[in-house]
Amino acid sequence: LPPPCAGPLGVGQPGCPLGGPHVPYHSFGPPGFPHLQSGLGARSTYPPPEKPHLHWGPRNTNSDSVVHYKLQHSIKARFLRFVPLDWNPNGRIGMRIEVYGCAYRSEVADFDGKGILLYRFNQKSISALKDVISLKFKTIQSDGILLYREGQNGDHIMLELVRGKLSLLITLGDAKMHSANAQINITLGSLLDDQHWHSVLIEHFNNQVNFTVDKHTHHFHAKGEFNYLDLDSELSFGGIPVPGKSGILPHVNFHGCFENLYYNGVNIIDLAKRHKPQIYVMGNVSFSCSEPQVVPVTFLSSTSYLALPGTSGQDEISVNFQFRTWNKEGLLLFSKLYETSGGLLLFLSDGNVKMSLYKPGKPQSNIAAGAGLNNGQWHSISLLVTRNRINLRVDNDAISSPSIQVFSGERYYFGGCPADDNGSECKSPFGGFQGCMKLISIDNEVVDLISVQQNSLGNFSDLQIDLCGIIDRCLPNYCEHGGECSQSWNSFYCNCTNTGYRGATCHYSIYEQSCEAYKHRGNTSGFYYIDSDGSGPLGPFLVYCNMTDTTWTIIQHNNTDLTRVKSANQENPHTVFFKYTASLEQLQATINHAEHCEQELAYHCKKSRLLNKRDGTPLSWWVGRTNETQTYWGGSVPDVKKCTCGIEGSCIDSEHFCNCDADRNEWTNDTGFLSYKDHLPVSKIVVTDTDRPNSEAAYKLGPLLCRGDKTFWNSASFNTETSYLHFPTFHGEFSADVSFFFKTTASSGVFLENLGIKDFIRTELHSPTEVTFSFDVGNGPNEVTVQSPTPLNDNQWHYVKAERNIKEALLQVDQLPQKTFTAPSDGHIRLQLNSQLFVEVSAYFGAGSSVMYNFQEYYTFSKNSSSHASSFHADMTLIREAITFTFRTKRTPSLLLYVNSFYKEYLSVILAKNGSLQVRYKLDSHQDPDVFSINFKSMADGQLHHVKINREEEMLFVEVNQNERIEFILSSSLEFNAIKSLILGKILENSEVDQETMKANSQGFIGCLSSVQFNHIAPLKAALHHTISAPVIVKGRLMESSCGTLSGNPPFSLYLSFSFFFPIADHSGPIDEGEPLANAIRSDSAVIGGVIAVVIFILLCIAAIAVRIHKKKSLYKKNETKGSENEDSAETALKSELSMQNTINENQKEYFF
């Protein structure tokens, strides 16, 4: 049974909003279709006759394509119901979408701009220690008071709509104005004057205030006197009843509707409707929400226009309208003058309104008015052209100028001109207008835009009528690190000036993370800004980098001089605080990244002790960044209460562990370096024992010194193709970056990869000269590629930096030109990942094993149904594939990979009986498959083979073992329609395939598959690591294995120096201590001789290994002869070989000379 509230999409029924704000009364569906019987038991009668359907965007034109229509505002509902409609006379079927909500109580109040609701408490006074206020509102006015509360001493709270934004103001009264922070003003939201419901929640408990508008919340602590606001027991809603006691300036009352207004659980509107004595109504407040008769229109693109008729031949032109936009330029109005080639042009230029009136043989009239009109607010324009004057008013800015004699034309073009209008008159210097207009009147007659929508008045193109579709792209502000956000209609821009960051969203720091990184770039000693967390939230700060033999980072504080102390005791201690040139968070990040940090602390004393030996209480101490008291001193370690001399046994008095504790009437000292990083830096020193006769002390704290950078010199070796490091999930929903150094001799390989359910990121060496950065955030896979003129697998260090934010993705390799990819302005922006960050895996397939990766769920159709599968799966139609995998086997024929569709189309990659590789495409169910063979050698030789298959429409490219790429041409269809699944191993379901593929499938696949990738899908990884979340089915024996290891020396040996902005997990394994230098040249003859000796030694080793491999091949031939039909023996032989090779590779090492 349907829930109690139901209606077509867009309909907000009385008392039953759809889980959230009401939406305009519309039904989504194509026009011209009768409505079917609904599940409510009666023929639907909505939408009402006075409101048309809200038309969809472009319609489907065939059974294969997919059309998207994005709603301007989100709609919350409990259920969706899809209702197919009858066939219309044109022979097309329609669709209606209905939404079902839940039971909902709605109490509304309508304020006309003069009415006020005044709520009085039972108590005479109340302290605002705990308050909760919630409400929803909608309005078309940009300003107005929603809530006001004041106290006797001038304390007040005000919630006000200001220029479409909601401002919460908390102010202390006159008696407390001596406070430096006597006011709190928080602003949230934008464009809230859009006649849509917006929710507000204010929570005040003790000193914590939570202010929420729609989905955006601001948390803040109200300090000091704000904890105890002195407020009256009276609240006003909609305005201020009388001039405030504090004498605040007049404010505009609210004009619009409230819904479900609650104060501490009390329903204010319900009390007002029932005329309860706690509520006093001032002015006109009604309890039903009236809809203003204003129809806005949205100009969606630069090609949009609205053409309206006028009365031609009149000697007066009068046009009025309001507009709002983010664009600085655009045509507002054009009209050709009567019986002449002259015209009237009204346009935006640099945020100003300009008007140009021209006529052949007459001087052109130009005037301008207004400024900064591209601020997203509504602005009014009034234009009056009479016989001899032009009067232009923009908001409150009025301009008048002499005019030539003109006569009105027959048509007015708003926002742009038709594309097929070849006349030179209808032109704009800046193209079409993108924004909203309303209240259009021509010759003092208001234009009925609903008649325009019904095609009974004028004509238009690419408009959205009855809705202003303006969006604030700077809310939320995606400009990071204090970047200033500005916007146009289609995008936003970040001004990163003086932020210390660069990029489209001010994400990437222009400074290095450490002095070590500056030294690596060739810098010398000096002052530098460092950004210790890179692109993280911490800003840069100034340090001195001493780049002599060891690179030291030196961070100064505000008191490095020797300070003498007298007359201090425990009741009146001498306390000094140290302020550094960096914040505590910046210092902590720098210390955590450093290999070693230290700070010299010198304490000079004369009859001034550090420790009272009788009771063990400290007489002087210091405090570090953990805010804990420390009683060990320079050169010592925590928790021992000793100085350097106490540890070394060299104190001047052997009965004490510090020189100063000897309490002698002569100067001595306890000096040394503090080096326990968790306690550094020193933030406070306290001295108490200098109030006795001749008692005195002096201290001196040096700067914080750190050396080494653990995030820079952290290399790892990947000795096999199956080696990988696990890192935490890459958290970069809106912006993220990764940088590293690598060196390798391999021609390809994945650097790093992180997967979500559908989203992913990956950086890889795609070929010896290509590095790619690929990702998917929901808009489909995208790729950025940098081509190098020289090979990158030259065993030298190379630098890679990849960044992705909501505006763009970029990739940098060494000093090559940076490549970028611009993100769509209205696409998905959130990158959602849930797996660990790691590199590809390998697996061993036993007899009958099968891995099936389902691209789409299968839908069963009835026998009498004429529905076509592609209607449900058209989004998986492909015209290109990119396939890579590595395999080894000794069995033929074998099925390596199989991809099928709901159309009985398929792709199979097999080893034929003779060991040749075959790629078989069947993209037309009425033709035999295209067969492409690569048969230069038998590939069923137990060796590891790399295969790359790429198709671009009819062109097919196949590359095996890094040999020359072979090119083929398909003769059948170019579309791989409605793909269903990818299978590795054996096909277990019934499939109509050609005879050769069937023979290969009868054997299945026994052997090793590694690094399998189909476009952005990694099915083998999903089978081994994501069997629960991924759409994958595994049958038979499948074991994760290192069988993808190459025999002999591994060509893929990566040394990565990661620089993530999240903490790096500890790892074990071989570590390369070598520095990532681009070139390392040694001219010493002894080194050259050593290299020659090593080369000879390596050649001898290769010869020995070749002999051993030859023996092993002979052994395999014998084994094959003895039992080629015995499946188990073949499997055992292969696993034995793989085991032997794994043992070899696990013991390999690389030496640097």
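About the cut-offs
Residues numbered from 1 in each chain as written. Predicted model: local features only at pLDDT ≥ 70, side-chain atom pairs only at ≥ 80, totals over all residues. Heavy atoms only, no water. Helix = DSSP H or I, 4+ residues; strand = E, 2+ residues; numbered from the N terminus. Buried < 20%, exposed > 50% of the residue type's maximum accessible area, 1.4 Å probe, protein only. Contact = heavy atoms within 4.5 Å. Areas by Shrake-Rupley, 256 points an atom, 1.4 Å probe, with all protein chains shown as cover. Pairing = 2+ DSSP bridges. Axes fitted to C-alpha atoms, helices over the stretch in contact; angles between N-to-C directions. UniProt positions renumbered as here; feature names shortened; annotations may be inferred. 1 Å grid on protein atoms, 1.4 Å probe; cavity = no way out; pocket = protein on both sides within 12 Å on 5 of 7 lines; lining within 4 Å. Points joined across faces, edges and corners; volume = space filled by probe spheres on them. Nonpolar A, V, L, I, M, F, W, Y, C, P; charged D, E, K, R; others polar. Arc of directions from axis to C-beta. Polar contact = N/O pair within 3.5 Å; in protein donor to acceptor, adjacent residues only side chain to side chain. Disulfide = S-S within 2.5 Å. Salt bridge = Lys/Arg side-chain N within 4 Å of Asp/Glu carboxyl O. Phe/Tyr/Trp six-rings, centres within 6.5 Å; stacked < 30°, edge-to-face > 60°. Lys NZ or Arg CZ within 6 Å of the ring centre and 35° of its normal.

### With respect to the overall build of the protein
Right, so step 1: Scanning the protein from N- to C-terminus turns up 10 helices and 73 strands.
Right, so step 2: Looking at the protein residue by residue over its 1153 residues, the buried ones come to 51%.
Right, so step 3: Long-range contacts, defined here as pairs at least 24 residues apart, represent 68% of the contacts in the protein between residues at least 6 apart.
Right, so step 4: In the structure as shown, the protein presents an accessible area of about 54600 Å², 51% of it carried by carbon and sulfur atoms.

### A word on the sheet that holds strand E60 (residues 850-854)
Right, so step 1: One open sheet accounts for seven strands, arranged E65-E64-E63-E62-E69-E60-E71; its pairing is antiparallel. Edge positions in the sheet fall to strand E65 (930-934) and strand E71 (1032-1035), since each of these pairs with one other strand and no more. Each strand axis lies, on average, 10° off the axis of its neighbour in the sheet, ignoring direction.
Right, so step 2: In this sheet, E71 lies alongside E60 in antiparallel orientation, the contact comprising four bridges. Among the inter-strand pairings, Val 851 is bridged to a residue of E71, identified as Val 1034.
Right, so step 3: Across the sheet, helix H7 (residues 995-1003) is in contact with strand E62 (894-901), strand E63 (906-911) and strand E64 (917-922); its angle to E63 comes to roughly 60°.

### Here we look at the pairing of strand E58 (residues 819-822)
The side chains of a regular strand alternate between both faces of the sheet.
Right, so step 1: Judged from the four bridges that link them, strand E57 (residues 808-813) and E58 form a sheet pairing that is antiparallel. Directly across from Leu 810, in E58, lies its bridge partner Thr 820.
Right, so step 2: Taking the residues that link successive antiparallel strands as the turn, the E57-E58 hairpin has five residues, and the phi of Asp 814 there is positive, at about 50°.

### Considerations on the UniProt feature "domain: EGF-like" (unreviewed entry) in the protein
Right, so step 1: According to UniProt, the "domain: EGF-like" (unreviewed entry) feature falls on residues 470-507.
Right, so step 2: When the span residues 470-507 is considered, its composition is 0% helix and 26% strand, and the gap between its end C-alpha atoms is 27 Å.

### A word on empty space enclosed by the protein
Right, so step 1: Applying the stated criterion across every chain, the model contains 13 cavities of 30 Å³ or more.
Right, so step 2: The space that makes up the second largest cavity amounts to roughly 130 Å³.
Right, so step 3: Taken together, 13 residues make up the lining of the second largest cavity; nearest its centre are Asp 131, Ile 133, Ile 157, Ile 202 and His 204.
Right, so step 4: The class makeup of the residues in the lining of the second largest cavity is 10 nonpolar, one polar and two charged.

### Topic: H7
For an α-helix, the turn length of 3.6 residues means that residues three or four places apart are oriented alike.
Right, so step 1: Among the residues of H7, those classed as buried are Thr 997, Ala 1000 and Asn 1001. Down the axis, H7 shows its buried residues gathered within 100° of arc, on one side only. Facing away from the buried side of H7 by over 90 degrees, the exposed positions are Gln 995 and Ser 1002.
Right, so step 2: One side-chain oxygen of the residue at the start of H7 lies 3.2 Å from the amide nitrogen of Glu 996, identifying that residue as Asp 994.
Right, so step 3: Count one or two residues on from H7 and you reach Gly 1004, which has phi positive near 70°.

### Observations regarding the state of the cysteines
Right, so step 1: Within the structure shown, the criterion is met by 10 disulfides.
Right, so step 2: The residue that forms a disulfide with Cys 436 is Cys 468, at a sulfur-sulfur distance of 2.1 Å. Its S-S torsion of approximately 90° makes the covalent link between Cys 436 and Cys 468 right-handed. In this pair, Cys 436 is assigned in strand E30 (residues 435-442) and Cys 468 in the loop between strand E33 (463-465) and strand E34 (484-487), connecting sequence segments 32 residues apart.
Right, so step 3: On the basis of relative accessible area, Cys 436 is assigned to the buried category, the value being 0%.

### Focus: unusual backbone geometry
Leaving glycine aside, a negative phi is the common case for residues, and trans is the common case for peptide bonds.
Right, so step 1: Residues Leu 475 and Pro 476 are joined by a peptide bond in cis, for which omega reads -5°.
Right, so step 2: One can find Pro 476 in the loop between E33 and E34.
Right, so step 3: Non-glycine residue Asp 395 carries a positive phi angle of around 55°.
Right, so step 4: On the secondary structure map, Asp 395 appears in the loop between strand E27 (389-394) and strand E28 (397-402).
Right, so step 5: One non-glycine residue, Asn 694, lies in positive phi territory at about 60°.
Right, so step 6: Looking at where Asn 694 falls in the secondary structure, it is placed in the loop between strand E47 (684-687) and strand E48 (696-701).

### Some remarks on the side chain of Gln 586
Right, so step 1: Among the structural elements, Gln 586 can be located in helix H4 (residues 584-593).
Right, so step 2: Classification of Gln 586 by relative accessible area gives buried; the value is 10%.
Right, so step 3: Aside from chain neighbours lying at most four places away, what touches Gln 586 is Ser 532, Leu 538, Gly 539, Pro 540 and Phe 541.

### Here we look at H4
Right, so step 1: For H4, every residue scored as buried is listed here: Gln 586, Leu 587, Ala 589, Thr 590 and Ile 591.
Right, so step 2: Along its buried surface, H4 packs onto strand E38 (526-530), strand E39 (541-547), strand E40 (551-555), strand E43 (596-606) and strand E49 (704-707).

### A short note on the sheet that holds strand E29 (residues 411-414)
Right, so step 1: Taken together, seven strands build an open sheet; the order of strands is E25-E24-E23-E22-E29-E20-E32 and the sheet is antiparallel. What marks the edges here is a single partner per strand, and that holds for strand E25 (365-369) and strand E32 (459-461). On average, adjacent strands in this sheet sit at an angle of 10° to one another, irrespective of strand direction.
Right, so step 2: Two strands pair when backbone bridges link them, and strand E22 (residues 330-336) and strand E23 (residues 343-349) are joined in this way by six bridges, in the antiparallel orientation. Along E23, the bridge assignment pairs Leu 333 with Leu 346.

### Quick notes on the pattern of salt bridges
Right, so step 1: Counted according to the given criterion, the structure contains 24 salt bridges.
Right, so step 2: Here Glu 291 makes a salt bridge to Lys 138, at a shortest N to O gap of 2.8 Å. Remark: Lys 138 occurs in strand E6 (residues 130-138) and Glu 291 occurs in the loop between strand E18 (285-286) and strand E19 (297-299); sequence separation between them is 153 residues.
Right, so step 3: With relative accessibility at 7%, the residue Lys 138 sits in the buried group.
Right, so step 4: Linked by salt bridges that have partners in common, Arg 105, Glu 107, Asp 270, Lys 273 and Arg 274 make up one network.

### Considering the environment of Met 998
Right, so step 1: With respect to the element layout, Met 998 can be found in helix H7.
Right, so step 2: A residue is classified by how much of its surface remains accessible, and Met 998, at 47% relative accessible area, is partly exposed.
Right, so step 3: For Met 998 and Ser 894, which are 104 residues apart along the polypeptide, the C-alpha to C-alpha distance reads 9.9 Å.

### Focus on the pairing of E34
Right, so step 1: Only one face of E34 is covered, namely the one carrying Cys 485 and Gln 487; the face carrying Glu 484 and Ser 486 has none of its residues buried.
Right, so step 2: Bridge analysis of E34 against strand E35 (residues 492-495) gives four bridges, and the strand direction is antiparallel. Note that in E35 the partner of Gln 487 across the bridge is Phe 492.
Right, so step 3: Where E34 folds back onto E35 in an antiparallel hairpin, the turn is made up of four residues.

### Description of the side chain of Glu 881
Right, so step 1: Assignment of secondary structure puts Glu 881 in strand E61 (residues 880-888).
Right, so step 2: For Glu 881, the side chain forms a polar contact with the side chain of Tyr 921, separated by 2.6 Å.
Right, so step 3: Separated by 2.7 Å, the side chains of Glu 881 and Arg 951 make a polar contact.
Right, so step 4: Here Glu 881 is in contact with Tyr 921, Ile 949, Asn 950, Arg 951, Phe 976, Phe 1014 and Asn 1015, once residues within four sequence places are set aside.

### A closer look at the packing of aromatic side chains
Right, so step 1: Using the criterion set out here, one finds 27 aromatic pairs in the structure.
Right, so step 2: Between Trp 622 and Tyr 632 the ring centres are 5.4 Å apart and the planes differ by 70°, which places this aromatic pair in the edge-to-face class. Taken as a pair, Trp 622 in strand E44 (residues 620-623) and Tyr 632 in the loop between strand E45 (629-630) and helix H5 (644-648) lie far apart in primary sequence, 10 residues in all. Residue Trp 622 shares its accessibility class with Tyr 632, and that shared class is buried.
Right, so step 3: Ring pairs connect the aromatic residues Phe 111, Phe 137, Phe 254 and Phe 258, which therefore count as one cluster.
Right, so step 4: Positioned over the ring face of Trp 378 is Lys 438, at 4.2 Å from the centre of the ring.
Right, so step 5: Stacked on the ring of Phe 492, the Lys or Arg Lys 807 has its end atom at 4.8 Å from the ring centre.

### Examining the environment of Leu 831
Right, so step 1: Summarising the element assignment, Leu 831 is placed in the loop between E58 and strand E59 (842-845).
Right, so step 2: Taking the C-alpha atoms as reference points, Leu 831 and Gly 778, separated by 53 residues in sequence, lie 8.0 Å from one another.
Right, so step 3: Not counting residues within four places of it along the chain, the set of residues in contact with Leu 831 comprises Gly 732, Glu 733, Asp 759, Phe 760, Ile 761, Asp 776, Val 777 and Arg 804.

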